[in-house]
Amino acid sequence: MEKLIRDRITEKALARGEVMRVRKAESDWEFRAMLTKKLVEEAKECHAARSRRERRKELADVLAVLTELLRLEKVSWEELHVIAEAKRAENGGFAKRLIWLDAPENP
């Protein structure tokens with residue numbers, strides 16, 4: 001299985017005497033796909049976190065992956081906030097904590 005890792009993971013492994021086989025993503029398309037997969041992985045880890053401290057660490061990982069995705073897509077945080085605000089204006093936010101009881105599995 002292939003998995004996107006942070007830049008310094010191989011250095012740390014070598015310092016412990018471990019060897020890791022790695023390769024570089026061959027294209028922006030592949031890198032984007034691996035980042036998206038990593039985003040889902042980090043979101044699942046956030047969901048599984050049992051403590052506030054653990055959730056904060058996982059949220060930081062989500063933020064790191066999202067930051068790299070934005071850089072790759074050439075989208076600024078400001079632009080992303082404008083898009084998010086437009087969606088909030090159209091569909092609302094999550095303040096009411098509404099849960100759809102009969103939601104389809106993959107809408």
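Analysis parameters
Residues numbered from 1 in each chain as written. Predicted model: local features only at pLDDT ≥ 70, side-chain atom pairs only at ≥ 80, totals over all residues. Heavy atoms only, no water. Helix = DSSP H or I, 4+ residues; strand = E, 2+ residues; numbered from the N terminus. Buried < 20%, exposed > 50% of the residue type's maximum accessible area, 1.4 Å probe, protein only. Contact = heavy atoms within 4.5 Å. Salt bridge = Lys/Arg side-chain N within 4 Å of Asp/Glu carboxyl O. Core = buried A, V, L, I, M, F, W, Y, C linked by side-chain atoms within 4.5 Å. Patch = residues over 30% accessible without salt bridge, like charges linked within 9 Å, V, L, I, M, F, W, Y side chains within 5 Å. Areas by Shrake-Rupley, 256 points an atom, 1.4 Å probe, with all protein chains shown as cover.

J.: Residue-level account of the side chain of Glu-42, with values.
T.: Take Glu-42: it is sitting in helix α2 (residues 28–48). We classify Glu-42 as buried; its relative accessible area is 6%. Excluding its chain neighbours within four sequence positions, the residues that come into contact with Glu-42 are Glu-58, Asp-61, Val-62 and Val-65.

J.: Please set out the pattern of salt bridges residue by residue, giving values where relevant.
T.: Opposite charge on two side chains allows them to pair when their charged atoms are near. Under the definition given, this model contains 12 salt bridges. Here Glu-42 ties to Lys-38 by a salt bridge, and the two come within 3.8 Å at their closest N and O atoms. Separated by 4 residues within a single helix, Glu-42 and Lys-38 lie in helix α2, roughly one turn from each other. There is no split in this pair, since Glu-42 and Lys-38 are both buried. Here Arg-71 and Glu-68 are joined by a salt bridge, their closest N and O atoms 2.5 Å apart. On the criterion of helical spacing, the pair formed by Arg-71 and Glu-68 is a turn pair, its members being 3 residues apart in helix α3 (residues 52–73). The exposure class of Glu-68 is partly exposed, given its relative accessible area of 25%.

J.: Please give an account of the nonpolar core that cites residues and values.
T.: If you look at the biggest cluster of nonpolar residues, it comprises 5 residues: Phe-31, Leu-35, Val-65, Leu-69 and Leu-72. Elements that contribute at least two residues to this core include exactly α2 and α3. The leading source of residues in this core is α3, at 3 residues. With sequence-adjacent residues up to four places away left out, Leu-35 is seen in contact with Leu-4, Val-65, Glu-68, Leu-69 and Leu-72.

J.: Before we move on, can you summarise a nonpolar patch on the surface with the specific residues and values?
T.: Among the surface-exposed residues, Ile-5, Ile-9, Met-20 and Val-22 lie close enough to one another that they form a single nonpolar patch of about 300 Å² accessible area. Summarising the element assignment, Ile-5 is placed in the segment before α1 (9–15). Under the relative-accessibility criterion, Ile-5 is labelled partly exposed at 31%.

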